[in-house]
Amino acid sequence: MKAAFSLLELVFAIVILSFVFSSASVFYRQIYKNYETLELFERLYGLEKRLFYHSGARGIVLQTDELKDVRLDEKSVSDGLFEFKKLDASGQGYEGYFYDEKGL
């Protein structure tokens, strides 16, 4: 009778341990999924930082009839997955695009 009782205890211990480890694996999968998302956000923030401190720019000139030529600088950075682009007005104030009402 003692051997059968030990076998019964062993089966219960295995069942309890299987529940514990199955719930731990579900918990681990959720943590890893959150880590992958966090890694993507870190990659995006790093790319954004490179965009703001990136020195190379391409000049773009927009020609319109109503306004003077608008000069823009396009900065872009990319890695294998994402690509960021940024347009900046290149060193011109807005005063050049508006007429002086007092001078008319």
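Residues numbered from 1 in each chain as written. Predicted model: local features only at pLDDT ≥ 70, side-chain atom pairs only at ≥ 80, totals over all residues. Heavy atoms only, no water.

Novice: Looking at this model, I keep getting lost on the pattern of salt bridges. Mind explaining?
Specialist: Close approach of charged atoms allows side chains with opposite charge to pair. Enumeration according to the criterion identifies 3 salt bridges in this entry. Here Asp 79 ties to Arg 43 by a salt bridge, and the two come within 2.6 Å at their closest N and O atoms. Placement of the pair is Asp 79 in the loop between β2 (70-78) and β3 (83-89) and Arg 43 in helix α1 (residues 2-52), with a sequence separation of 36 residues. With a closest N to O distance of 3.8 Å, Lys 85 and Glu 74 form a salt bridge. Here Glu 74 lies in strand β2 and Lys 85 lies in strand β3, a separation of 11 residues in the sequence. Exposure remark for Lys 85: the relative accessible area of 55% places this residue in the exposed category. The class for Glu 74 is buried, based on a relative accessible area of 14%. It is possible to trace a salt-bridge network through shared partners that takes in Arg 58, Glu 74 and Lys 85. (Salt bridge = Lys/Arg side-chain N within 4 Å of Asp/Glu carboxyl O. Helix = DSSP H or I, 4+ residues; strand = E, 2+ residues; numbered from the N terminus. Buried < 20%, exposed > 50% of the residue type's maximum accessible area, 1.4 Å probe, protein only.)

Novice: Is there a simple way to explain the packing of aromatic side chains in this structure?
Specialist: Aromatic rings considered in pairs are described by the distance between their centres and by the relative angle of their planes. Scanning the entire structure with this criterion turns up 1 aromatic pair. For the pair Tyr 32 and Tyr 35, a centre-to-centre distance of 6.2 Å together with 35 degrees between the ring planes defines the contact as tilted. Of the two residues, Tyr 32 and Tyr 35 both sit in helix α1, 3 residues apart, roughly one turn of that helix. Overall, the relative accessible area of 43% leaves Tyr 32 in the partly exposed class. Under the relative-accessibility criterion, Tyr 35 is labelled partly exposed at 48%. (Phe/Tyr/Trp six-rings, centres within 6.5 Å; stacked < 30°, edge-to-face > 60°.)

Novice: Just checking my understanding: could you explain the pairing of β2 for this structure?
Specialist: Residues in a regular strand point their side chains to alternate faces of the sheet. In this structure, strand β1 (residues 58-62) lies alongside β2, joined through 5 bridges in antiparallel fashion. Residue pairing across strands places Gly 59 opposite Asp 73, the latter belonging to β2. Bridge count for β2 against β3 is 7 bridges, and the pairing is antiparallel. Bridge pairing in β3 places Ser 78 opposite Glu 83. Here β2 hands over to β3 after 4 residues, the two strands then running antiparallel side by side. (Pairing = 2+ DSSP bridges.)

Novice: How should the sheet that holds β3 be read in this particular structure?
Specialist: Strand pairing in a sheet relies on backbone hydrogen bonds. The paired strands run either parallel or antiparallel. Overall, antiparallel pairing links the 3 strands, which are arranged β1-β2-β3 in an open sheet. Two strands close off the open sheet at either side, each with one partner strand: β1 and β3. Across the sheet, the mean angle from the axis of one strand to that of its neighbour is 30 degrees, orientation sign disregarded. (Axes fitted to C-alpha atoms, helices over the stretch in contact; angles between N-to-C directions.)

Without other data, these values stay purely geometric and don't point to any function.
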